[in-house]
Structure formats: C-alpha cells, structure tokens
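Reading the structure
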Amino acid sequence: MLTKFKQTLFLVIALVISTSTFANDPYNDMQVAADKIFNTMKEQSASIKSNPNKLKDIVRADLLPYVQVKYAGALILGDAYKSATKEQQTAYFTAFENYLVQAFAQALSMYNGQTYQVEKSKDLTNKSLVSIRVLLNQPDKNQQPIRIDFQWRKNTVTGEWKAYDLTAEGVSMVTTKQNEWATILRQSGIDALTKQLNDLSNRKIDPNEKQKG
C-alpha cells in the first residue's frame, strides 16, 4: 500500500515537474510583457505624471517576472560571484533586483507615446539563446526607430525562457555594468557594490533627469 502511494506521489511530482519545465515561447512573452507595460502606463498616465515612482511598481509587476535577475547579476559579478559568501550573494542579488527596477523605471519615464513593434516568432529548435528585437517608433517619422534587443536564455534545468540582458543601440547592459562596476569590486569588494546599488535603487524617478548609474 505504501509502495503504491509512493509510486502515485512520484507520478504526480513528475507530472508537475514536466508541466513546469514545458518551454515557454520567449517571443510571445516579450510581446505580452511589452503590451502589459505600455497598456498599464497609458491607463495610469495621470497618476504616473503626479507620482513617477509608480513606474517602479509597473516594472516589478509587468517586467521583472520575465527577467533572470540572478543570472544577469552573476554575469556582471564575474569571478567575484564565486568568492562571495552566500550571505553576500543574497544581499547583492536583492540590491541588484531593486537597482534593475529603478533603472528600467527611469528609462520608461522617458516614454512619450511611441508605438512599438516586437519581432515576430522564430523557430526555437535546438536553441538556448535568442535575441528579440523591439523597435520604438518615434512620433516624428523622419527619426529612426529606437532599437532594443533583449537577450533571452533557456534555463537548462526548468526549460523556461527568460531575458537576462538588453542591448540598446548596440550597447549591452551586462557588458556596460561589468565595466562600470569592475573598479569598485576590485578595490572595495562586493559589499561596497551592494551598498552602491542600494543607494542607486532608492533614487526617485525623474522624467527630466538623464539616466545615471
């Protein structure tokens, strides 16, 4: 009886795991995320105008679920990730996630009604990395669209696709932050970087301010 129970339990667990590891479509998720973000911004435009910090809530709810925060953060840390303690890693990833929320929200504060176009789906057979292009079309038709390429990665364990980097006009966020934060990591260590990220993430969103940090 106990053996049958165990067999049934293992079967249920296997079904749950197989369902959770079913690969999602990153192209579809990219479209869904874009639609969510810009539709919410339109619906809440009045409240966002009076309190731009609401953009942080939008980013956390509509964009962050599609981002591999720990993978991106570990890439940026490089060798410093392996030498950090578990406590340091946990504190850093929390600070890094909050920093991403602030950075994306600040970038979205520059949005002024551009239309957008997400690249159509492509065959994902035997692929574990894909770049998905998003074009922001300027109101002035004489201006070229702003091109943003989101890098998506398939998790080797769960099979789930999530974004881990973005390239705006040819500049990678991960590579940029690796270069920017290398000095503080080398001279002062991960704790100093974590403190810096906490300070940056606490800044208020200002549509009139150029993005920093």
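As the structure is a computational prediction, the values presented were derived from the model and not from experiment.

The subject of this paragraph is empty space enclosed by the protein. By the definition in use, this model includes 2 cavities of 30 Å³ or more. In this structure, the largest cavity spans a volume of roughly 110 Å³. Every residue lining the largest cavity is counted, 15 residues in all, and those nearest its centre are Val 67, Phe 104, Phe 150, Ala 163 and Asp 165. Breaking the lining of the largest cavity down by element, the ones donating at least two residues are helix H2 (26–43), helix H7 (86–108), strand S3 (146–154) and strand S4 (161–168). Class assignment for the residues of the lining of the largest cavity results in 14 nonpolar, no polar and 1 charged.

Counting residues in hydrophobic clusters, the biggest one holds 55 residues, and the most contacted among them are Met 41, Tyr 92, Phe 96, Trp 152, Trp 181 and Leu 197. If one sorts the elements of this core by residue count, H7 sits on top with 11 residues. Sequence-distant contacts of Trp 152, defined by excluding residues within four places in its chain, comprise Pro 26, Asp 29, Met 30, Tyr 66, Ser 128, Leu 129, Val 130, Ile 132, Trp 161, Lys 162, Ala 163 and Tyr 164.

This next bit is on the packing of aromatic side chains. All chains considered together, the criterion is met by 8 aromatic pairs. On the numbers, 4.7 Å between centres and 25 degrees between planes, the contact of Phe 38 with Tyr 116 is stacked. Placement of Phe 38 in helix H2 and of Tyr 116 in strand S1 (residues 115–118) is noted, with a sequence separation of 78 residues between them. Their ring planes at 75 degrees and their centres at 5.4 Å tell us that Tyr 99 and Trp 181 sit as a pair that is edge-to-face. Taken together, the residues Tyr 99 in helix H7 and Trp 181 in helix H8 (residues 173–188) connect sequence positions 82 residues apart. Of the residues examined, Trp 181 reaches a relative accessible area of 2% and is grouped as buried. Ring pairs connect the aromatic residues Tyr 81, Tyr 92, Phe 93, Phe 96, Tyr 99 and Trp 181, which therefore count as one cluster. Note that Arg 153 overlies the ring of Tyr 71, its terminal NZ or CZ placed 3.9 Å from the centroid.

Conventions used here
- Throughout this document, residue positions are counted from 1 along each chain, in the order its sequence is written.
- Thresholds applied to this predicted model are a pLDDT of at least 70 for local features of residues and 80 or more for the giving and counting of side-chain atom pairs; totals over whole chains, interfaces and linings are not thresholded and use all residues.
- Here the side-chain values reflect all heavy atoms present in the structure, with hydrogen atoms and water set aside.
- Points on a 1 Å grid, built from protein atoms alone, make a cavity when a 1.4 Å probe fits but cannot get out and make a pocket when they are open with protein on both sides within 12 Å along at least 5 of 7 lines; residues with an atom within 4 Å of a point are the lining residues.
- Grid points are joined across faces, edges and corners, and a volume is the space filled by probe spheres set on the points.
- Secondary structure elements follow DSSP: runs of H or I of four or more residues count as helices, runs of E of two or more count as strands, with numbering from the N terminus.
- Any residue outside Ala, Val, Leu, Ile, Met, Phe, Trp, Tyr, Cys, Pro, Asp, Glu, Lys and Arg is labelled polar, Gly included; the first ten of those are nonpolar and the last four are charged.
- Residues grouped as a nonpolar core are buried Ala, Val, Leu, Ile, Met, Phe, Trp, Tyr and Cys residues, joined through side-chain atoms within 4.5 Å.
- Exposure categories follow from relative accessible area, calculated using a 1.4 Å probe and restricted to protein chains: below 20% of the type maximum is buried, above 50% is exposed, and the middle band is partly exposed.
- In this description, contact between two residues means that some pair of their heavy atoms is separated by no more than 4.5 Å.
- Only the six-membered ring of Trp is used, alongside the rings of Phe and Tyr, when aromatic pairs are assigned; centres must lie within 6.5 Å, and planes under 30 degrees apart are stacked while those over 60 apart are edge-to-face, with the rest tilted.
- Note on geometry: a ring has a charge over it if NZ (lysine) or CZ (arginine) is within 6 Å of the ring centre and within 35 degrees of the ring normal.

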